[in-house]
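# Survey of secondary and tertiary structure
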Amino acid sequence: MARPITVVGTPVLRTPCRPVERFDEELATLVEDMFASMYEAKGVGLAANQIGVDLRVFVYDCPDGDDVHQKGVVVNPTLVLPGAGERNLDTGDEGCLSIPGPRAVVGRPDLATCHGFDVTGAPVTVHGTGVLARCLQHETDHLDGLLYIDRLSNAARKAVLKEFEEIRGPQA
């Protein structure tokens, strides 16, 4: 079942999420709901706190750098990035379902590896390139209480938030 996406300004987006401790039916249902919510919102990744759940889990469904479609879930992720001397920066466009509308250029390493667990508790490792590398970093940031706008200059962040507020309009 698709759940509403939490938007910037909601406290759960700014708080580091709790580790998942039980790999049970409740977690499986959460992951199903996360995929449904991501697809309904037309996203390529979604962290649990983006639907108001403060657990360290995210889902993804996007292409890698070779344009090969990748889909999965990572529970309790640990992100590993290349060392400073080994990294190539991808300066692609980035957006967020929790800040619907505006996009901005965010420099991120073009390779990322995420270690964690699947929904049953089995270990998983996801090696990402291209959009998948960006997605792994973006979703792990969410679980740490960060948004992509935190990686922007003050001026760029203000511009994104202004555009978001203009698109969103007055709230009741």
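Structure: above.
This one's a predicted model, so the numbers in the text were calculated from it and none came from an experiment. (Residues numbered from 1 in each chain as written. Predicted model: local features only at pLDDT ≥ 70, side-chain atom pairs only at ≥ 80, totals over all residues. Heavy atoms only, no water.)

Taken as a whole and assessed by the stated rule, the structure comprises three aromatic pairs. With 6.1 Å between their ring centres and 65 degrees between their planes, F23 and F117 make a pair best called edge-to-face. Of this pair, F23 sits in the segment before α1 (25–40) while F117 sits in strand β8 (residues 111–117), placing them 94 residues apart in sequence. F23 sits in the partly exposed class, given a relative accessible area of 32%. For F117, a relative accessible area of 31% puts it in the partly exposed group. With 6.0 Å between their ring centres and 25 degrees between their planes, F35 and Y39 make a pair best called stacked. Here F35 and its partner Y39 are both found in helix α1, four residues apart, which amounts to about one turn of the helix. Residue classification places Y39 among the partly exposed residues on the basis of a relative accessible area of 37%. (Phe/Tyr/Trp six-rings, centres within 6.5 Å; stacked < 30°, edge-to-face > 60°. Helix = DSSP H or I, 4+ residues; strand = E, 2+ residues; numbered from the N terminus. Buried < 20%, exposed > 50% of the residue type's maximum accessible area, 1.4 Å probe, protein only.)

With that settled, consider the sheet that holds β8. The strand order across the open sheet formed by five strands is β1-β2-β3-β8-β9, and the pairing between neighbours is antiparallel. Unpaired on one side and paired on the other, β1 (45–47) and β9 (123–129) mark the two borders of the sheet. In this sheet, adjacent strand axes meet at a mean angle of 35 degrees when their direction is disregarded. Taken together, the four bridges between strand β3 (residues 69–80) and β8 define a ladder with antiparallel strand orientation. Along β8, the bridge assignment pairs L79 with C114. Of the strands in this sheet, β1, β2 (57–63), β3, β8 and β9 touch helix α2 (residues 130–143), which is tilted by about 160 degrees from β2. (Pairing = 2+ DSSP bridges. Axes fitted to C-alpha atoms, helices over the stretch in contact; angles between N-to-C directions. Contact = heavy atoms within 4.5 Å.)

Here R134 lies in helix α2. For R134, a relative accessible area of 9% translates into the label buried. Looking at R134, its side chain comes within polar contact range of the main-chain oxygen of D90, at 3.0 Å. Apart from the residues within four sequence positions on either side, R134 is in contact with D90, T91, G92, D93, E94, V106 and R108. (Polar contact = N/O pair within 3.5 Å; in protein donor to acceptor, adjacent residues only side chain to side chain.)

Our next topic: the environment of E166. By secondary structure assignment, the location of E166 is in helix α3 (residues 154–168). Residue E166 is classed as exposed on the basis of its relative accessible area, which comes to 56%. Separated by 125 residues in the primary sequence, E166 and A41 place their C-alpha atoms 19 Å from one another.

Time to look at the side chain of T113. Within the secondary structure, T113 sits in strand β8. Accessibility expressed as a relative area gives 16% for T113, which makes it buried. A distance of 3.1 Å separates a polar atom in the side chain of T113 from a polar atom in the side chain of H127. Leave out the neighbours within four places in its chain, and T113 touches T78, L79, V80, T125, V126 and H127.

Taken as a whole and assessed by the stated rule, the structure comprises 12 salt bridges. One salt bridge in this structure joins R56 and D144, with 2.9 Å as the shortest N-O distance. Of this pair, R56 sits in the loop between β1 and β2 while D144 sits in the loop between α2 and α3; the two residues are 88 residues apart in sequence, bridging distant segments of the chain. Assessed through its relative accessible area of 13%, R56 is described here as buried. On the basis of relative accessible area, D144 is assigned to the partly exposed category, the value being 36%. Between D141 and R108 there is a salt bridge whose closest N-O contact spans 3.1 Å. With D141 in helix α2 and R108 in strand β7 (residues 108–109), this residue pair connects regions lying 33 residues apart in the sequence. What makes D141 buried here is its relative accessible area of 6%. On the basis of relative accessible area, R108 is assigned to the buried category, the value being 2%. Several salt bridges share partner residues, and in doing so they unite D90, E94, R108, R134, D141 and R151 into one network. (Salt bridge = Lys/Arg side-chain N within 4 Å of Asp/Glu carboxyl O.)

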